[in-house]
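Residues per chain are reported as follows:
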Amino acid sequence: MMVLVSWDPMLIGVSFLVAFIASFVALDCAAKITLSQRKTDLFWRFAAGATLGLGIWSMHFIGMLSMRMAMPMRYDFPLTFISLLVAIGSAIAAISIAVSGSALAPKRWIMATGILSGGVVTMHYTGMSALIFHGAILWSKPLIALSVLVALVACGTALWLTFSLRQRHKNRLSHRILAAMVMGLAVAAVHYIGMGAATFGGHGADLAGGLSEHGLSLWVTATTLLLLGCMLMFSTIDSQVRTTRLTENLEQLNLQLERQSRYDALTGLANRIQMDVRLEECLRSAQHVRATFAVMVMDLDGFKFINDTLGHAAGDRLLMAVANRLSARLRPKMLLARLGDDEFMLLVPDTSEGEATDLIAGILDAVRRPVYEAGQLLNLSLSAGVAMFPRDGENSHQLKMNAATAMNSVKLQGHNNWAMYNPHTMQPGTTTVMLEQDVMQALALQQFELWYQPIYSNGTEALHGFEALLRWRHPVNGIVMPDAFLPALEKNGQILPVGQWVIEEACRQLNAWSEEGHDELTLSITLSAIQFEQEEIHTLICSMLEKYSVSPARLTLKIVESIALNNLERSLRMLTAFMRSGLTLAIDNFGTGYTNVMLLKDLPVQQLKINRSLIKDIRYNGKNMAIVSNIIEVAHSMHMSVVAQGIETVEQKHLLSSLGCDYLQGFLLAHPMPASEIAELLQRRVTTAVMPHQPAFIDPLLPEIKNQI
């Protein structure tokens, strides 16, 4: 007859908890496999598999013990033991396959899932076969199939969560907990679905042989606690050992990185970073006690030729030889650094000019001794410059730059010598070198400025807006024009950062004018060829306009005609994007380069700026006058406004006004000015509302004269 079955909810909960804990410990052990050496790799493979297998097996038999029937039950020991071996064996095999690569490949994932789920199902039904009672079990095939499907899906998910995501450093613990929960649910689901597939029939006669339920419970409890306890202990000890080892390795790595960050890898000398730190310390100390010290910059003469002809290995040996000779001349408290390539710097604290002179002379003599390298006897020499604190500079930047300036002066005079910095006796050309060096720091030191030249409307003579012009406020040379430093910026890759600063500063200034009540003012800036080639330039400009809440129509982007017409397809795409964003587009310095007005019909530009070279020599009935007149006429026919820049005489102003030029700009009307002077100009604008008055020395062009052009 059919036997009624009841369940102990407490033991059901314990069975799942055992499966979860065993799965978590097993997966934690599995994670140590890839971190272990070959000797311990096999141990952790076995430990992980044995723990997971034991957890699966224990969960099953605790679940069996939670089943209550009105008849005695016992368990066949051989089959019970075989079910344990099946669980452990399949778990070891599945984990070994899953961890055999750095990533869980689909093929290995499928194999591991098949083995593990097969082991779970086999263990369960083998364990069920170990049940001894008077009667028989009727099986529901659909539920058996469902238990197999659940095992496949859940085991595959748990393996993927554990091993596919193991290289992710974030949320690693949460992934492992989730995987352990999925694995525990998988085993529990297979067990209880499998139990639901069984219908027991029999009677309550006494049984002999096999393990009693009490004996099984003791065996399961003892085995589970012993193995899980050992694995937890081994895992904890291993984690502590790994943590200690990792801490020691990190400390050693930090020391190596600290040394690498302070010393030159080739020569072992201090590097630029350490020199800067020590120089600042020396400055503070010297300022406190009013002491003097020297900064010496040295460069090995002809090193590039030696490096190119004898090879880099020979060049490295030569640098080490020079470093040793320089180090041999050092006294306590001095610091010698290699700044890069063949350039060295020496910091000499607490020294006088006379002592510095003797020292640098001795250093040059020491370096001049021949060196035998690559089968040749090489004659070496240094060029050196010396700067004294506080006479030649009150901060580290000035001292380094002035010492480098003195060294470059020596190189211009023929090498193999030294010089004390003297701004009055440096060779011509040294200022240019110094500017090229200084401009590299200008952006970081906030030395760049935007100056603004007014642009006036023709006819109404009202202030229309400004053109932004880049200036460099040098601490020694004052205001430096772009022609003197732009080539250095382009050469050293600084043109893009400076260009980005110009864009942001222009937007910030437009916002400032808006806050002062001048929303109608426009501002034009120039995009260089390098900037225009950037794909992200449109996004950058739009983000700055949004950041400072500026209407795009107030910003005019100027592009040189040669750039705009160089790659017409790309230019059309970029300029169309700017136009759709509401920006005003202008062709700058029109009248040079391609000078093809008709090509402009394909470009969405709204403005032309006539090159100042055409304005400079404009005369009645002159050639330039005819060119300018044609440019204005064609531009107007294509609905473009025209700006004449470089107006310096009254004659030029009136001629261009008569020709119908829309906007006027030049020194005659207003010079470029810093932002601090704009307020005064705007105040004058409130009272006069027009451009500065200029006497009309000539009359506007008569119609008959215009017809002759």
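Asks: Requested: an account of unusual backbone geometry, with residues and values cited.
Replies: The amide bond that connects Phe389 to the next residue, Pro390, takes the cis arrangement and shows omega of 5°. In this structure, Pro390 sits in the loop between strand 13 (382-389) and helix 12 (396-413). For Asp341, which is not glycine, the phi torsion reads 50° and is therefore positive. Mapped onto the fold, Asp341 is located in the loop between strand 9 (335-340) and strand 10 (343-348). A positive phi angle is found at Asp350, which is not glycine, with a value near 50°. Here Asp350 lies in the loop between strand 10 and helix 11 (353-367). A residue is classified by how much of its surface remains accessible, and Asp350, at 51% relative accessible area, is exposed.

Asks: Give me the lowdown on a nonpolar patch on the surface, citing residues and values where you can.
Replies: The grouping of Leu143, Leu146, Val148, Leu149, Leu152 and Val153 at the surface amounts to a nonpolar patch, some 460 Å² of accessible area in total. Examined against the element boundaries, Val153 turns out to sit in helix 5 (residues 141-164). On the basis of relative accessible area, Val153 is assigned to the exposed category, the value being 52%.

Asks: Could you give an account of the pairing of strand 8 (residues 293-300), naming the residues involved and the relevant values?
Replies: Where burial is concerned, most of strand 8 is hidden: eight out of the eight residues are buried. Because side chains alternate across strand 8, one face comprises the buried residues Phe293, Val295, Val297 and Asp299, and the other comprises Ala294, Met296, Met298 and Leu300, equally buried. Bridging between strand 8 and strand 13 involves eight bridges; their strand directions are antiparallel. Each residue of the ladder has a partner; that of Met298, found in strand 13, is Ala384. Sheet topology places strand 8 next to strand 10; six bridges connect them, and they run antiparallel. Bridged to Met298 within strand 10 is Phe344.

Asks: If you had to explain the packing of aromatic side chains to someone new, which residues and values would you point to?
Replies: Considering all chains together, one arrives at nine aromatic pairs under this definition. Relative to Phe389, the ring of Phe293 lies with its centre 4.9 Å away and its plane at 15°, an arrangement referred to as stacked. Of this pair, Phe293 sits in strand 8 while Phe389 sits in strand 13; the two residues are 96 residues apart in sequence, bridging distant segments of the chain. Side by side, Phe293 and Phe389 carry an identical accessibility label, which is buried.

Asks: Describe in detail helix 22 (residues 650-658), supporting the description with residues and values.
Replies: One full turn of an α-helix is made of 3.6 residues, so residues set three or four places apart face in the same direction. Taken across its nine residues, helix 22 has seven buried, putting it largely inside the fold. For helix 22, the full list of buried residues reads Val650, Gln652, Lys653, His654, Leu655, Leu656 and Ser658. Positive backbone phi, at 90°, marks Gly660, one or two positions downstream of helix 22.

Asks: Now, about helix 8 (residues 272-289): what can you tell me, with residues and values included?
Replies: Helix length check: helix 8 (18 residues) gives 26 Å between terminal C-alpha atoms against 26 Å at 1.5 Å per residue, within 8%. When we look at burial in helix 8, the residues that qualify are Gln274, Met275, Leu279, Cys282, Leu283 and Ala286. Once helix 8 ends, the next one or two residues include Arg290, with phi positive near 60°.

Asks: Could you give me a rundown of the pairing of strand 18 (residues 522-526), with the residues and numbers involved?
Replies: Counting buried positions over the five residues of strand 18 gives four, a clear majority of the element. Pairing of strand 16 (residues 463-474) with strand 18, which is carried by three bridges, proceeds in the parallel orientation. Paired with Gly465 across the bridge in strand 18 is Thr522. Note: strand 18 against strand 19 (residues 555-560), four bridges, orientation parallel. In the sheet register, Thr526 faces strand 19, and the bridge partner there is Lys558.

Asks: Tell me about the pattern of salt bridges, residues and numbers included.
Replies: Using the criterion set out here, one finds 16 salt bridges in the structure. Here Arg368 ties to Asp365 by a salt bridge, and the two come within 2.5 Å at their closest N and O atoms. Classification of Asp365 as partly exposed rests on a relative accessible area of 47%. Between Lys558 and Asp588 there is a salt bridge, with the nearest N and O atoms lying 3.7 Å from each other. Separated by 30 residues along the polypeptide, Lys558 in strand 19 and Asp588 in strand 20 (residues 584-590) bring together distant segments of the chain. As far as the burial class goes, Lys558 and Asp588 line up, both buried. Via salt bridges that share partners, Glu467, Lys558, Asp588 and Lys609 belong to a single interconnected network.

Rules of the game
- Residues numbered from 1 in each chain as written.
- Predicted model: local features only at pLDDT ≥ 70, side-chain atom pairs only at ≥ 80, totals over all residues.
- Heavy atoms only, no water.
- Helix = DSSP H or I, 4+ residues; strand = E, 2+ residues; numbered from the N terminus.
- Buried < 20%, exposed > 50% of the residue type's maximum accessible area, 1.4 Å probe, protein only.
- Patch = residues over 30% accessible without salt bridge, like charges linked within 9 Å, V, L, I, M, F, W, Y side chains within 5 Å.
- Areas by Shrake-Rupley, 256 points an atom, 1.4 Å probe, with all protein chains shown as cover.
- Salt bridge = Lys/Arg side-chain N within 4 Å of Asp/Glu carboxyl O.
- Pairing = 2+ DSSP bridges.
- Phe/Tyr/Trp six-rings, centres within 6.5 Å; stacked < 30°, edge-to-face > 60°.
- Expected span 1.5 Å × (residues − 1).

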